[in-house]
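# Summary of structural features
Okay, here's what each chain looks like letter by letter:
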Amino acid sequence: MIKAILIFNNHGKPRLSKFYEHRTTDYQGNFHLVSKRDENVCNFLEGGMLIGGSDYRLIYRHYATLYFVFCVDSSESELGILDLIQVFVETLDKCFENVCELDLIFHVDKVHNILAEMVMGGMVLETNMNEIITQVDAQNKLEKSEAGIAGAPARAVSAVKNMNLPEMPRNINIGDISIKVPNLPSFK
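To start, this report covers the structure provided alongside it. Please read all numbers here as calculations on a predicted model, not as lab measurements.

Let us now look at helix α2 (residues 78-96). Taking 1.5 Å per residue, 19 residues should reach 27 Å; α2 reaches 27 Å between its end C-alpha atoms and fits that length. Among the residues of α2, those classed as buried are I81, L82, L84, I85, V87, F88, V89, T91, L92, C95 and F96. In the stretch just after α2, E97 is the one whose phi turns positive, near 50 degrees.

Below, the structure is given as C-alpha coordinates:
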(Lines give C-alpha, C1' and ligand atoms only; values in the text may rest on other atoms or scores of the structure.)
Protein backbone atom coordinates (compact mmCIF):
# COMPACT_ATOMS: atom_id res chain seq x y z
CA MET A 1 0.00 0.00 0.00
CA ILE A 2 1.19 3.51 -0.77
CA LYS A 3 1.63 5.52 2.42
CA ALA A 4 2.73 8.86 0.99
CA ILE A 5 3.62 10.61 -2.25
CA LEU A 6 6.09 13.48 -2.10
CA ILE A 7 7.55 15.69 -4.80
CA PHE A 8 10.58 17.86 -4.01
CA ASN A 9 12.58 20.27 -6.09
CA ASN A 10 16.38 20.09 -6.23
CA HIS A 11 16.63 22.37 -3.18
CA GLY A 12 14.44 20.16 -1.00
CA LYS A 13 11.30 22.31 -1.09
CA PRO A 14 8.18 20.13 -1.10
CA ARG A 15 6.04 20.83 -4.18
CA LEU A 16 3.39 18.20 -3.52
CA SER A 17 2.63 15.97 -0.57
CA LYS A 18 -0.17 13.44 -0.32
CA PHE A 19 -0.48 11.16 2.69
CA TYR A 20 -2.66 8.09 2.87
CA GLU A 21 -2.06 7.50 6.56
CA HIS A 22 -1.50 9.98 9.36
CA ARG A 23 2.15 10.52 10.12
CA THR A 24 4.61 13.28 10.73
CA THR A 25 7.24 13.47 8.06
CA ASP A 26 10.68 14.98 8.08
CA TYR A 27 10.67 16.43 4.57
CA GLN A 28 14.31 17.47 4.68
CA GLY A 29 15.38 14.09 6.00
CA ASN A 30 13.58 12.22 3.23
CA PHE A 31 14.93 14.64 0.65
CA HIS A 32 18.51 14.18 1.88
CA LEU A 33 18.11 10.40 1.78
CA VAL A 34 17.28 10.41 -1.92
CA SER A 35 19.22 13.45 -3.16
CA LYS A 36 22.59 12.37 -1.74
CA ARG A 37 22.53 9.02 -3.54
CA ASP A 38 24.59 8.45 -6.67
CA GLU A 39 22.83 8.31 -10.02
CA ASN A 40 24.11 4.77 -10.64
CA VAL A 41 22.49 3.18 -7.55
CA CYS A 42 19.00 1.69 -7.42
CA ASN A 43 15.97 3.89 -6.71
CA PHE A 44 14.79 1.96 -3.64
CA LEU A 45 15.59 2.70 0.00
CA GLU A 46 14.76 0.11 2.63
CA GLY A 47 13.09 1.13 5.87
CA GLY A 48 14.58 3.02 8.74
CA MET A 49 13.31 5.32 11.44
CA LEU A 50 13.27 8.31 9.09
CA ILE A 51 11.16 6.44 6.55
CA GLY A 52 8.72 5.00 9.06
CA GLY A 53 10.12 1.64 10.11
CA SER A 54 11.58 -1.55 8.72
CA ASP A 55 8.39 -2.39 6.79
CA TYR A 56 8.54 0.81 4.71
CA ARG A 57 10.49 1.69 1.58
CA LEU A 58 11.13 4.86 -0.39
CA ILE A 59 10.91 4.46 -4.15
CA TYR A 60 11.91 7.52 -6.12
CA ARG A 61 12.80 8.93 -9.52
CA HIS A 62 14.64 12.13 -10.33
CA TYR A 63 13.42 14.06 -13.39
CA ALA A 64 15.11 17.36 -14.30
CA THR A 65 14.52 19.54 -11.20
CA LEU A 66 12.03 17.31 -9.37
CA TYR A 67 12.25 14.23 -7.16
CA PHE A 68 9.14 12.01 -7.16
CA VAL A 69 9.19 9.98 -3.94
CA PHE A 70 6.68 7.26 -2.99
CA CYS A 71 6.70 5.80 0.51
CA VAL A 72 5.24 2.28 0.40
CA ASP A 73 4.96 -0.78 2.60
CA SER A 74 6.40 -4.20 1.79
CA SER A 75 3.28 -5.34 -0.08
CA GLU A 76 4.02 -3.05 -3.05
CA SER A 77 6.25 -4.01 -5.96
CA GLU A 78 9.21 -1.68 -6.41
CA LEU A 79 9.09 -1.99 -10.19
CA GLY A 80 5.33 -1.45 -10.19
CA ILE A 81 5.77 1.81 -8.26
CA LEU A 82 8.57 2.93 -10.59
CA ASP A 83 6.18 2.30 -13.48
CA LEU A 84 3.46 4.26 -11.64
CA ILE A 85 5.86 7.19 -11.20
CA GLN A 86 6.64 7.05 -14.93
CA VAL A 87 2.92 7.06 -15.82
CA PHE A 88 2.32 9.95 -13.38
CA VAL A 89 5.12 12.03 -14.91
CA GLU A 90 4.05 11.28 -18.49
CA THR A 91 0.44 12.17 -17.63
CA LEU A 92 1.56 15.45 -16.07
CA ASP A 93 3.67 16.10 -19.16
CA LYS A 94 0.68 15.57 -21.47
CA CYS A 95 -1.70 17.64 -19.35
CA PHE A 96 0.69 20.58 -18.93
CA GLU A 97 2.62 20.24 -22.21
CA ASN A 98 6.17 19.92 -20.86
CA VAL A 99 5.51 19.92 -17.14
CA CYS A 100 7.81 21.95 -14.92
CA GLU A 101 8.02 22.89 -11.26
CA LEU A 102 5.87 26.00 -11.78
CA ASP A 103 3.00 23.86 -13.08
CA LEU A 104 3.00 21.97 -9.78
CA ILE A 105 2.96 25.24 -7.84
CA PHE A 106 0.29 27.12 -9.79
CA HIS A 107 -1.95 24.18 -10.72
CA VAL A 108 -1.83 22.15 -7.52
CA ASP A 109 -5.55 21.34 -7.76
CA LYS A 110 -5.14 19.84 -11.22
CA VAL A 111 -2.10 17.82 -10.09
CA HIS A 112 -4.12 16.45 -7.16
CA ASN A 113 -6.96 15.56 -9.57
CA ILE A 114 -4.54 13.62 -11.77
CA LEU A 115 -3.12 11.87 -8.72
CA ALA A 116 -6.63 11.06 -7.45
CA GLU A 117 -7.39 9.35 -10.77
CA MET A 118 -4.34 7.14 -10.27
CA VAL A 119 -4.21 6.48 -6.52
CA MET A 120 -6.98 6.59 -3.92
CA GLY A 121 -6.62 5.64 -0.29
CA GLY A 122 -3.12 4.35 -0.98
CA MET A 123 -4.32 1.85 -3.58
CA VAL A 124 -3.47 2.11 -7.27
CA LEU A 125 -6.67 2.65 -9.29
CA GLU A 126 -5.55 3.35 -12.83
CA THR A 127 -2.30 3.09 -14.76
CA ASN A 128 -3.65 3.62 -18.28
CA MET A 129 -2.50 7.11 -19.21
CA ASN A 130 -5.19 7.58 -21.89
CA GLU A 131 -7.96 6.75 -19.41
CA ILE A 132 -6.49 9.13 -16.82
CA ILE A 133 -6.28 11.96 -19.36
CA THR A 134 -9.86 11.28 -20.50
CA GLN A 135 -11.11 11.63 -16.92
CA VAL A 136 -9.03 14.77 -16.30
CA ASP A 137 -10.37 16.33 -19.52
CA ALA A 138 -13.93 15.52 -18.41
CA GLN A 139 -13.20 17.23 -15.07
CA ASN A 140 -11.81 20.31 -16.87
CA LYS A 141 -14.91 20.44 -19.10
CA LEU A 142 -17.15 20.30 -16.02
CA GLU A 143 -15.19 23.09 -14.34
CA LYS A 144 -15.55 25.28 -17.44
CA SER A 145 -19.31 24.69 -17.57
CA GLU A 146 -19.60 25.57 -13.88
CA ALA A 147 -17.61 28.73 -14.51
CA GLY A 148 -20.36 29.62 -16.99
CA ILE A 149 -22.93 29.28 -14.24
CA ALA A 150 -20.90 31.50 -11.93
CA GLY A 151 -20.76 34.14 -14.67
CA ALA A 152 -24.54 34.09 -15.23
CA PRO A 153 -25.33 37.21 -13.11
CA ALA A 154 -22.84 39.29 -15.09
CA ARG A 155 -24.30 38.04 -18.38
CA ALA A 156 -27.82 38.87 -17.14
CA VAL A 157 -26.81 42.46 -16.35
CA SER A 158 -25.18 42.74 -19.76
CA ALA A 159 -28.33 41.41 -21.46
CA VAL A 160 -30.53 43.95 -19.65
CA LYS A 161 -28.21 46.76 -20.69
CA ASN A 162 -28.54 45.70 -24.33
CA MET A 163 -32.36 45.42 -24.34
CA ASN A 164 -32.97 48.97 -25.66
CA LEU A 165 -35.93 49.59 -23.36
CA PRO A 166 -37.75 52.88 -24.07
CA GLU A 167 -37.96 53.56 -20.34
CA MET A 168 -36.84 51.83 -17.22
CA PRO A 169 -39.41 49.40 -15.78
CA ARG A 170 -40.73 50.34 -12.32
CA ASN A 171 -42.26 46.97 -11.40
CA ILE A 172 -41.34 43.49 -12.50
CA ASN A 173 -44.02 40.83 -12.16
CA ILE A 174 -43.10 37.17 -12.29
CA GLY A 175 -46.07 34.98 -11.45
CA ASP A 176 -47.22 35.91 -7.94
CA ILE A 177 -44.01 37.83 -7.20
CA SER A 178 -43.86 41.55 -7.75
CA ILE A 179 -40.51 43.32 -7.54
CA LYS A 180 -40.34 47.09 -7.26
CA VAL A 181 -37.31 48.46 -9.11
CA PRO A 182 -35.57 51.35 -7.32
CA ASN A 183 -34.65 54.51 -9.18
CA LEU A 184 -31.38 53.69 -10.85
CA PRO A 185 -29.22 55.66 -13.21
CA SER A 186 -29.72 55.02 -16.91
CA PHE A 187 -28.80 51.58 -18.28
CA LYS A 188 -26.70 53.08 -21.05
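Time to look at the packing of aromatic side chains. Tallied over the full model, the rule gives two aromatic pairs. A ring pair is formed by Y63 and F68, whose centres lie 5.7 Å apart and whose planes are at 80 degrees; its orientation type is edge-to-face. Accessibility assignment for this pair places Y63 and F68 in one class, buried. Summarising the aromatic geometry, the rings of F68 and F88 are spaced 6.0 Å apart at their centres and angled 85 degrees between planes, so their arrangement reads as edge-to-face. Of this pair, F68 sits in strand β5 (residues 66-73) while F88 sits in helix α2, placing them 20 residues apart in sequence. Take F68 and F88: they sit in the same class, and that class is buried. Cluster of aromatic residues (ring-pair linked, three or more members): Y63, F68 and F88. Positioned over the ring face of F96 is K110, at 5.2 Å from the centre of the ring.

Let us look at the side chain of T91. Along the chain, the position of T91 falls in helix α2. Here T91 falls in the buried class, since its relative accessible area comes to 0%. There is a polar contact of 2.7 Å between the side chain of T91 and the backbone oxygen of V87. Setting aside anything within four residues of it in sequence, one finds T91 in contact with I114, M129, I132 and I133.

Below, the discussion takes up the pairing of β5. For β5, the tally of buried residues reaches eight of eight residues, placing the bulk of the element in the interior. The alternating pattern of β5 places L66, F68, F70 and V72 on one face and Y67, V69, C71 and D73 on the opposite face, and all of these are buried. Note: strand β1 (residues 2-9) against β5, seven bridges, orientation antiparallel. Considered in β5, the bridge of I7 is made with F68.

With that settled, consider the environment of M120. Positionally, M120 belongs in strand β6 (residues 119-120). Judged by its relative accessible area of 53%, M120 falls in the exposed class. Measuring from C-alpha to C-alpha, the distance between M120 and I2 comes to 9.3 Å, with 118 residues separating the pair along the chain. Contact partners of M120, with chain neighbours within four places excluded, come to Y20 and L125.

On to the nonpolar core. Proteins that are soluble and globular tend to have nonpolar side chains buried together. Core analysis: the largest hydrophobic core is formed by 31 residues, its most contacted members being I2, F68, I85, F88 and I114. Breaking this core down by element, the ones donating at least two residues are β1, β4 (53-63), β5, α2, α4 (108-118) and α5 (129-150). Per-element accounting of this core gives the leading share, 10 residues, to α2. If sequence neighbours within four positions are ignored, F88 has contacts with I7, F68, V111, I114, L115 and M118. If you look at the next biggest cluster of nonpolar residues, it comprises 12 residues, including L45, Y56, Y67 and V69.

Right, let's talk about a nonpolar patch on the surface for a bit. The grouping of I172, I174, I177 and I179 at the surface amounts to a nonpolar patch, some 360 Å² of accessible area in total. Mapped by element, the contributors of at least two residues to the nonpolar patch are β8 (171-174) and β9 (177-180). Tracing the sequence through the fold places I179 in strand β9.

The rules behind these values
Residues numbered from 1 in each chain as written. Predicted model: local features only at pLDDT ≥ 70, side-chain atom pairs only at ≥ 80, totals over all residues. Heavy atoms only, no water. Helix = DSSP H or I, 4+ residues; strand = E, 2+ residues; numbered from the N terminus. Expected span 1.5 Å × (residues − 1). Buried < 20%, exposed > 50% of the residue type's maximum accessible area, 1.4 Å probe, protein only. Phe/Tyr/Trp six-rings, centres within 6.5 Å; stacked < 30°, edge-to-face > 60°. Lys NZ or Arg CZ within 6 Å of the ring centre and 35° of its normal. Polar contact = N/O pair within 3.5 Å; in protein donor to acceptor, adjacent residues only side chain to side chain. Contact = heavy atoms within 4.5 Å. Pairing = 2+ DSSP bridges. Core = buried A, V, L, I, M, F, W, Y, C linked by side-chain atoms within 4.5 Å. Patch = residues over 30% accessible without salt bridge, like charges linked within 9 Å, V, L, I, M, F, W, Y side chains within 5 Å. Areas by Shrake-Rupley, 256 points an atom, 1.4 Å probe, with all protein chains shown as cover. Salt bridge = Lys/Arg side-chain N within 4 Å of Asp/Glu carboxyl O.

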